[in-house]
Amino acid sequence: MLEALAALEKEGQEALKALREESELPVWYREFLGRKGKLTDLLRGLGALSPEERPKAGQRANEVKTALEEAFATRQTEIKNAAMEASLASGGLDITLPGRPVSPGHLHLSTHTLRRIREIFAEMGFQVYDSPEVETDENNFELLNIPPYHPARDMWDTFWVNEQVVMRTHTSPGQIRCMRENHPHPIRVILPGKCYRYEQITPRSEHQFYQVEGLAIGHNIRITDLIGTMREFARKMHGEERRLRIRSSYFPFTEPSIEIDMDCILCVGKGCRVCKHTGWLEVAGAGMVHPVVLRNGGYDPEEWSGFAFGMGVERPAMLHHGIEDIRFFYNNDLRFLQQF
Ligand SMILES: [Zn+2]
């Protein structure tokens, strides 16, 4: 019995060493250690042994079993590692297989539009000037020629933080900051950013929205420079064939003030629902910087002149993509956002 066990252990070890493939491992296990394997077979003979021989043979049988199981585990690891190394060495990684899909985010439609606007003005030499969304009443109104009693304040429904501090209602307070920082040097900047108004939310107006302000200060800057800049912008943003229309208007911080319209990009001036059958769409409110504002910014209006404009960001995006409700921009509905 003991000799038979020793012979089985030797046979098992050698057979294990001869294995090369992972698929051969379970075959070996069944043959030597399985329920119907060679070791079990031998153990059946235990009953035929004398009571003196039996414990010794049983103990030896357990030793053989443990030794073979340990050898099997070691060989299994060896074969698996070898297989992995061989696969790596042979370039078994198939790089032509499609990757697992990742879902990266993308830019918000407002950001896209803002970037396009920035690009166009950058080509015309405008830098970007950032200014805060929370402003003093002084910057948002007073220094822009809108004193506390001025009826023009009714044009901006305002969120008040306290008596002196507001959520900016337009990007224009940035003009004051920019002028005070740069005088007495010429300025050519755009001021993009978010504005807030205490308004009823409807498909056409939100209480938060983006605006892009423009400001150019220099010697001999004239209203024709403003119109030329706006024409260049409208053509780059909305198509080379765009035509502009200038109307007189009123803003407290510009004199004279104008509204700039372009022919409707959908109906090309014939009149449609989007342009309310006028054939024209609003591009920007603009004008020559008011002498009072120039002076508040540190520039002598006898020596300096400049123009300013302000335009929406969501509106042109709505036009281009046929979006009928401005509220989609802010309610974070992926069904909307993923379309752009
Ligand atoms: Zn139209």
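Note that residues are indexed from 1 along each chain, following the sequence as it is written. Local features are withheld for residues below a pLDDT of 70 in this predicted model, meaning they are given only at 70 or higher, and side-chain atom pairs are given and counted only at 80 or more; totals for whole chains, interfaces and linings count all residues. Side-chain numbers here rest on the full set of heavy atoms in the structure, without hydrogens or water.

Participant: Please explain the side chain of histidine 170 as it appears in this structure.
Facilitator: By secondary structure assignment, the location of histidine 170 is in the loop between strand E3 (165-167) and helix H7 (173-182). Whether two residues are in contact is decided by their heavy atoms, any of which lying within 4.5 Å being enough. Ignoring sequence-local partners within four residues, the contact set of histidine 170 consists of Asn140, Leu144, Trp156, Cys195, Arg197, Gln211 and Phe253. Comment: elements are numbered from the N terminus, with helices defined as DSSP H or I runs of at least four residues and strands as E runs of at least two.

Participant: What exactly am I supposed to notice about the sheet that holds strand E8 (residues 280-289) here?
Facilitator: Whether parallel or antiparallel, the strands of a sheet pair through hydrogen bonds between backbone atoms. Two strands qualify as a pair provided that DSSP identifies no fewer than 2 bridges between them. Sheet architecture is open: 7 strands sit in the order E1-E4-E5-E9-E8-E7-E6, paired in mixed fashion. Two strands bound the open sheet, and with one partner strand each, they are strand E1 (127-128) and strand E6 (244-251). Relative to E8, strand E7 (residues 254-263) is paired through 8 bridges, and the arrangement is antiparallel. Opposite isoleucine 258, over in E8, you have alanine 286 as the bridge partner. To define axes, lines are fitted to C-alpha atoms, for helices over the stretch in contact only, and angles between the resulting N-to-C directions are given on a 0 to 180 degree scale. Lying on the sheet, helix H8 (residues 223-238) is in contact with E6, E7, E8 and strand E9 (305-312); it crosses E9 at an angle near 30°.

Participant: Where do I start with the packing of aromatic side chains in this structure?
Facilitator: To describe a pair of aromatic rings, one takes the distance between the centres and the angle between the planes. Any two rings among Phe, Tyr and Trp, with Trp reduced to its six-membered ring, count as a pair given centres within 6.5 Å; such a pair is stacked if its planes are under 30 degrees apart, edge-to-face if over 60, and tilted if neither. Enumeration over the complete set of coordinates arrives at 14 aromatic pairs. A ring pair is formed by phenylalanine 159 and tyrosine 198, whose centres lie 5.4 Å apart and whose planes are at 70°; its orientation type is edge-to-face. Here tyrosine 198 lies in the loop between strand E4 (187-196) and strand E5 (208-218) and phenylalanine 159 lies in the loop between helix H6 (137-140) and E3, a separation of 39 residues in the sequence. Burial classes follow relative accessibility: with a 1.4 Å probe on protein chains only, a residue under 20% of its type's maximum area counts as buried, one over 50% as exposed, and anything between as partly exposed. With relative accessibility at 26%, the residue phenylalanine 159 sits in the partly exposed group. Looking at tyrosine 198, the relative accessible area reads 57%, which means it is exposed. Every member of this aromatic cluster is reached through a ring pair, and the members are Phe121, Phe126, Phe233, Phe307 and Phe309.

Participant: Please explain the pairing of E7 as it appears in this structure.
Facilitator: For a regular strand, the rule is simple: side chains alternate between the two faces of the sheet. Summarising burial for E7: 8 of the 10 residues are buried, a large majority. Across 7 bridges, the pairing between E6 and E7 is antiparallel. Residue pairing across strands places leucine 244 opposite methionine 262, the latter belonging to E7.

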